[in-house]
Every structure is written in C-alpha cells, then in structure tokens.
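Structural features, examined
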Amino acid sequence: MAVGEDLLWDAADHTMRRVPRLRRMAVVACCLGFFALVLWAESDVRWAASAAVAYVLAETAYWLWDRRRLVEARLVPDGAGVGAVLRLRRAGGRTTEHDPGEVVRVLVVHDNIDGSAKLRLHLRKRRLCFGRPGRPPVLTAWRRACPGADVGDRHARWGMPGIPD
C-alpha cells in the first residue's frame, strides 16, 4: 500500500511576527521612558525601568515558546517507500520527523468563540508539542495515521466573557 502525503494539522498563521513584536516592545519602552522623565524630579522612578525590563523579558520568553509551536503536521512516505513518517514543522522553521508509533495522544481543543482549534500532541518520553490555532482537523486522519494513539477532542473550558457556560 503506497502512502501519499496527508496534511494532519495546518495552523492559520505560519509566520513568526517579529516586526509587530519589536514595534510593541519599542512603544512600551518609549512610554515607560517618558513616564520616567516626567516623574524623575518628584519620585523614585526605578519602577519604570523595572517594568520595562520585566516586559522585555516576558516578550522574549513568549517568543522563545512561540517559535517552538507546531504550524504543520504531515504524514509523508519514508525514504524506502515502505512506511510513513510524521513530519512536524515548527514556527521557527525547524522540521523534525517521527515514527507515527511515537505518538501517544492527540488532543484537539476547539475554541468556543471563533471556531478555531489548538493541537496538543503527546509523543513518547513525555514530549509535548503545542500547535498554533488553526482550522479543526479531521480526527479520522489522525486515527488512521497513528493507530496506537489516544485521539480525541474537547471544547475549551471557557466561554464568552459575561455569558455563563
């Protein structure tokens, strides 16, 4: 049986969004610098510098986490043409290949508001991969690609603000 390429997960956004993040960091740093200059004579302004440093550290940590998120998962034929491998592509551009038997659990979390979904992929050795938001995939494709995995979906645990669930 020949295996063709099967798209299992496709995120809505594949880019790293560096420019908006740098622009946002620059605007916050300028605003905090302006507040520091205005309040310099009247009070201690170390809070402004501390807030700017904390914000830059938080943005950097988020960037490091976000670049590891999955933007695409495909089932492709291996080099010998006998079986298939699971090819995972991350937002930072890194691509890894795994045996579909390494997949332990596939969980698709549906968003209650905009109809998108997020992927949580558990591999052996306690490796957990998060996917960026995208269209909800067909679960039968995951079940066929990874027969030993626990494949399921659920709705998010929150609803719209102000509306009880």
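Residues numbered from 1 in each chain as written. Predicted model: local features only at pLDDT ≥ 70, side-chain atom pairs only at ≥ 80, totals over all residues. Heavy atoms only, no water.

1. Overview of the pairing of strand β5 (residues 103–110)
Test applied: Any residue under 20% of the maximum accessible area for its type is buried, any over 50% is exposed, and the rest in between are partly exposed; the area is computed with a 1.4 Å probe on protein chains only. In DSSP terms, a helix is any run of H or I states spanning at least four residues, a strand is any run of E spanning at least two, and both are numbered starting from the N terminus. Any two strands with at least two DSSP bridges between them are considered paired.
Judged by how many residues are buried, β5 sits mostly within the fold: six of eight residues are covered. Direction of pairing for β5 relative to strand β6 (residues 117–123): antiparallel, over a ladder of seven bridges. When the bridges of β6 are listed, Arg 105 appears paired with His 122. For β5 and strand β8 (residues 150–155), the ladder comprises six bridges, and the chain directions are parallel. Pairing of Val 109 across the sheet is with Arg 154, part of β8.

2. Quick look at the nonpolar core
The nonpolar side chains of soluble globular proteins are, as a tendency, buried together. So the rule is basically this: To qualify as a nonpolar core, a set must consist of buried Ala, Val, Leu, Ile, Met, Phe, Trp, Tyr and Cys residues joined through side-chain atoms within 4.5 Å. We call two residues contacting when some pair of their heavy atoms lies within 4.5 Å.
Ranked by size, the top nonpolar core spans 25 residues in total, and within it Leu 8, Val 103, Leu 121 and Trp 142 carry the most contacts. Among the secondary structure elements, those contributing two or more residues to this core are β1 (6–10), β2 (70–77), β3 (84–90), β5, β6 and α3 (139–145). When residues no more than four places from it in sequence are discounted, the contact partners of Leu 8 are Ala 73, Arg 74, Leu 75, Leu 86, Pro 137, Ala 141, Trp 142 and Ala 145.

3. Re the environment of Asp 66
Rules: Here a polar contact means two N or O atoms within 3.5 Å. Within protein one must be a hydrogen donor candidate and the other an acceptor candidate, and residues neighboring in sequence count only if both atoms are side-chain atoms.
Here Asp 66 is to be found in helix α2 (residues 46–66). Separated by 65 residues in the primary sequence, Asp 66 and Gly 131 place their C-alpha atoms 9.4 Å from one another. Those residues within four positions of Asp 66 in sequence are excluded, and the remaining contacts are Arg 21, Ala 91 and Arg 132. A polar contact is formed between the side chain of Asp 66 and the side chain of Arg 132, at a distance of 2.6 Å.

4. Comments concerning the pattern of salt bridges
The criterion, for reference: The salt bridge criterion pairs a side-chain nitrogen of Lys or Arg with a carboxyl oxygen of Asp or Glu, the two atoms within 4 Å.
Scanning the entire structure with this criterion turns up eight salt bridges. Glu 72 serves as the salt-bridge partner of Arg 74, at 3.3 Å between the closest nitrogen and oxygen. Given a relative accessible area of 24%, Arg 74 falls into the partly exposed group. Linking Arg 127 and Glu 102 is a salt bridge whose minimum nitrogen-to-oxygen distance equals 3.0 Å. One end of the pair, Arg 127, is in strand β7 (residues 127–130); the other, Glu 102, is in the loop between β4 (95–98) and β5, and 25 residues separate them in sequence. Here the residues in one salt-bridge network are Asp 66, Arg 69 and Arg 132, joined through shared partners.

5. What to know about the environment of His 14
Locating His 14 in the fold gives a position in the loop between β1 and α1 (18–38). Overall, His 14 belongs to the partly exposed group, its relative accessible area being 26%.

6. Things to note about the sheet that holds β6
Sheet strands associate in pairs through backbone hydrogen bonding, adopting either a parallel or an antiparallel arrangement. Worth spelling out the cut-off: Convention adopted: a line fitted to C-alpha atoms gives each axis, helices being fitted over their contacting stretch, and angles between N-to-C directions are expressed from 0 to 180 degrees.
Overall, mixed pairing links the four strands, which are arranged β7-β6-β5-β8 in an open sheet. Among the strands making up the open sheet, the edge pair consists of β7 and β8. Taking the axes of each pair of neighbouring strands and ignoring which way they run, one obtains an average angle of 15° across the sheet.

Functional significance is not addressed by these values, which are geometric in nature.
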